[in-house]
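A structural walkthrough
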Amino acid sequence: PILTDNEIEKRLEGRRAFASGHFEGQQLPDFSAIPGQISPSEGNYLHWLLSNWFTGRGDVVELGTWLGLSTVHLAQGIRDSGIRDRKLHCYDRYIWDGWADNKKSGLDLEKGADFKPFFESNIRDYADEINVTCADYKSINWSAGPIEVLFLDAPKNAFGFHATFRAFGPHLIPDESVVAFQDYLHPLSYELAFCIHRIREKLECCHVVLDGGTVSFRLKEPMVKHDWALKKLRFDRLSEKEIMDAWDYILAPLPGTAGLRFSAGRAIHLCDAGHVGLAREIMTQLTFDKRMMDVWSFWGMQAPLLERCRPLFDVFYARFPNVRRA
């Protein structure tokens, strides 16, 4: 169906409004057989976003599908929106990472294997509604038109942000488009949040999933080349005050457990920047729930990360002496 102007505006207003939570109440098929790296709350959110607020004035793009759990939630959302003339456009390298992917998926594939057939099997009920492209995010050249919803799993750092928005940024719709970052709340991927802070006049936080890592932003003004330039996104050689002020802004819109868990990114950022004393002080002030305890315990078993953030782990083990060490 073609939406009236009033129906379009109603959906846009709903999408612009700030929302956070677990987004329960979605009427969804049983997707439990599909391995994935999103939480049930994140799956609910993706369906909520598309089924309620998609207008069809632009396309929906997913960058980083893995085995398709997020993909089917997005596709079902488009289907339930009533919009029939828009497809979901998916991009991934479809190259298996090996041990970590095997552990998370239950599959036993060799590193470097093509896992696209498994993805296609998982999305078969939506195959006619999805365009799939095998590509590295650094080489994508989007030319299909405006983008209404952009769901991103791939960019984790400043270079990834630069490459992604070089491809998609010019096609976002001011005051309408939503960009959802699946790993935004991952403290080790704090570069992503800092890049958004650098262009905060363009992107405004609008949706936060409390059980997971997804945070979405509404595009306020058109993105231009300067917004994704690496020179603008640089965050090295920053003072303690500059980092602290930036993190005050980053954490301000994140409610409850989202802000609690992501606040560890501030300590990691300060440590990486060489401000070790302040980083340790922040680490002593963090509140650790069970999930954070499990995450930091796991990280402490990873030699490269332990070496990178040793001052923070010194504080962590001093606070929690019963935690098993590597």
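Our subject is the structure listed above.
Residue positions are counted from 1 within each chain, in the order its sequence is given. The predicted nature of this model means local features are confined to residues of pLDDT at least 70 and side-chain atom pairs, given and counted, to a pLDDT of 80 or more, with totals for whole chains, interfaces and linings taken over all residues. Side-chain metrics rest on all non-hydrogen atoms present in the structure, leaving aside hydrogens and water.

**Examining helix α13 (residues 290–299)**
Defined as follows: Exposed residues in this analysis have more than 50% of their type's maximum accessible area, buried residues have under 20%, and partly exposed residues fall in between, with area computed by a 1.4 Å probe over protein chains only. Every helix listed is a DSSP run of H or I at least four residues long, and every strand listed is a run of E at least two residues long, numbered separately from the N terminus. It is the directions from the helix axis to the C-beta atoms that the arc portrays. Contacts are assigned to residue pairs with any non-hydrogen atoms lying within 4.5 Å of each other.
Buried within α13 we find Met292, Met293, Trp296 and Trp299. In a view along the axis of α13, the buried residues occupy a sector of 130 degrees, so they form one face of it. For α13, the secondary structure elements touched by its buried residues are α10 (256–262), α11 (264–272), α12 (276–285), α14 (303–308) and α15 (310–319).

**Some words on the packing of aromatic side chains**
Let me state the cut-off plainly: Pairing of aromatic rings covers Phe, Tyr and the six-membered ring of Trp, with a centre-to-centre limit of 6.5 Å; geometry is then stacked below 30 degrees between planes, edge-to-face above 60, and tilted otherwise.
Under the definition given, this model contains 27 aromatic pairs. The interplanar angle of 55 degrees and the centroid separation of 6.1 Å between the aromatic rings of Trp142 and Phe168 together place this pair among those described as tilted. One end of the pair, Trp142, is in the loop between β4 (130–134) and β5 (147–152); the other, Phe168, is in helix α6 (residues 158–168), and 26 residues separate them in sequence. This pair shows no difference in class: Trp142 is buried, exactly as Phe168 is. Between Tyr184 and Phe217 the ring centres are 5.2 Å apart and the planes differ by 55 degrees, which places this aromatic pair in the tilted class. In this pair, Tyr184 is assigned in the loop between β6 (178–181) and α7 (190–198) and Phe217 in strand β8 (residues 215–219), connecting sequence segments 33 residues apart. For Tyr184, a relative accessible area of 3% puts it in the buried group. Residue Phe217 is classed as buried on the basis of its relative accessible area, which comes to 5%. These aromatic residues form a ring-pair network of at least three members: Phe161, Phe165, Phe181, Tyr184, Phe217, Trp247 and Phe262.

**Concerning the side chain of Arg266**
Along the chain, the position of Arg266 falls in helix α11. Ignoring any residue separated from it by four or fewer positions in sequence, one finds Arg266 in contact with Met244, Trp247, Asp248, Leu251 and Ile282.

**Observations regarding the packing of helix α2 (residues 40–53) against helix α3 (residues 69–81)**
Helix packing geometry: the angle between the two helix axes and the distance between the axes. Our working definition: Note on method: axes are straight lines fitted to C-alpha atoms, helices fitted across the in-contact stretch only, with angles between N-to-C directions ranging 0 to 180 degrees. In these notes the angle categories are as follows: under 35 degrees is roughly parallel, over 145 is roughly antiparallel, 65 to 115 is roughly perpendicular, and the rest is oblique. In this scheme the handedness of a crossing depends on how the near helix is turned from the far one: anticlockwise by less than a right angle means left-handed, clockwise means right-handed. Amino acids are sorted into nonpolar (Ala, Val, Leu, Ile, Met, Phe, Trp, Tyr, Cys and Pro), charged (Asp, Glu, Lys and Arg) and polar (every other residue, Gly among them).
Taken N-terminus to C-terminus, the directions of α2 and α3 make an angle of 25 degrees; their axes are 7 Å apart at the nearest point. Here α2 is positioned roughly parallel relative to α3, judged by the angle of their axes. Of the two elements, α2 crosses α3, and the hand of that crossing is right-handed. Taken together, the residues of α3 that come into contact with α2 (itself represented by Gly43, Asn44, Leu46, His47, Leu50 and Ser51) are Ser70, His73, Leu74, Gln76, Gly77, Ile78, Asp80 and Ser81. Residue composition of the contact of α2 with α3, grouped by class: four nonpolar, nine polar and one charged.

**Quick notes on the pairing of strand β7 (residues 203–209)**
Basically, it comes down to this: We treat two strands as partners when DSSP finds at least two bridges between them.
In terms of residue burial, β7 counts as a mostly covered element, since six of its seven residues are buried. Where strand β1 (residues 19–21) meets β7, three bridges bridge the pair, whose relative direction is parallel. Along β7, the bridge assignment pairs Gly21 with Val209. Both β7 and β8 contribute to a ladder of five bridges, which runs antiparallel. Bridge pairing in β8 places His207 opposite Ser216. Counted along the chain from β7 to the antiparallel partner β8, the turn is five residues long, and its residue Gly212 has a positive phi close to 150 degrees.

**Some points on unusual backbone geometry**
One non-glycine residue with positive phi stands out, namely Trp66, at about 45 degrees. A positive phi angle, close to 55 degrees, is found at Tyr94, a residue other than glycine. By the element assignment, Tyr94 lies in the loop between β3 (88–92) and α4 (99–105).

**Focus: the environment of Glu42**
To keep things clear, this is the line we draw: Think of a polar contact as two N or O atoms within 3.5 Å of one another; within protein, one of them needs to be a possible hydrogen donor and the other a possible acceptor, and neighboring residues in sequence only count if both atoms come from side chains.
Summarising the element assignment, Glu42 is placed in helix α2. Assessed through its relative accessible area of 3%, Glu42 is described here as buried. Sequence separation of Glu42 and His22 is 20 residues, and the distance between their C-alpha atoms is 7.4 Å. Of note is the side chain of Glu42, whose polar atom sits 2.7 Å from the backbone nitrogen of Ser39.

**Focus: the pairing of β3**
Stated formally: Here a crossover is taken to be right-handed if, once the strands point away from the viewer, the path from the first strand over the helix to the second is traced clockwise.
The buried fraction of β3 amounts to five of the five residues, a majority that puts the element mostly inside the structure. Of the pairings in the sheet, the one linking strand β2 (residues 59–63) to β3 comprises four bridges and is parallel in character. Pairing of Val60 across the sheet is with Leu88, part of β3. Tracing the backbone out of β2, into α3 and back to the parallel element β3 gives a crossover that is right-handed.

**Focus: the sheet that holds β2**
Within the open sheet, the eight strands sit side by side as β1-β7-β8-β6-β5-β2-β3-β4. Their pairing is mixed. Looking at which strands have only one partner, the edges of the open sheet turn out to be β1 and β4. Ignoring strand direction, the axes of neighbouring strands in this sheet form an average angle of 20 degrees. Running over the sheet, helix α1 (residues 5–16) touches β5, β6, β7 and β8 and is turned about 80 degrees from β7. Packed onto the sheet, α3 meets β2, β3, β4 and β5 and runs at close to 170 degrees relative to β3.

**Some words on the packing of α7 against helix α9 (residues 240–251)**
One can describe the packing of α7 onto α9 by two numbers: an axis separation of 10 Å at closest approach and a directional angle of 90 degrees. Here α7 lies roughly perpendicular to α9, going by the angle between them. Seen from α7, the contacting residues are Tyr190, Ala193, Phe194 and His197; seen from α9, they are Ala246, Trp247, Tyr249 and Ile250. For the contact of α7 with α9, the class distribution of residues is seven nonpolar, one polar and no charged.

These figures capture arrangement, not role.
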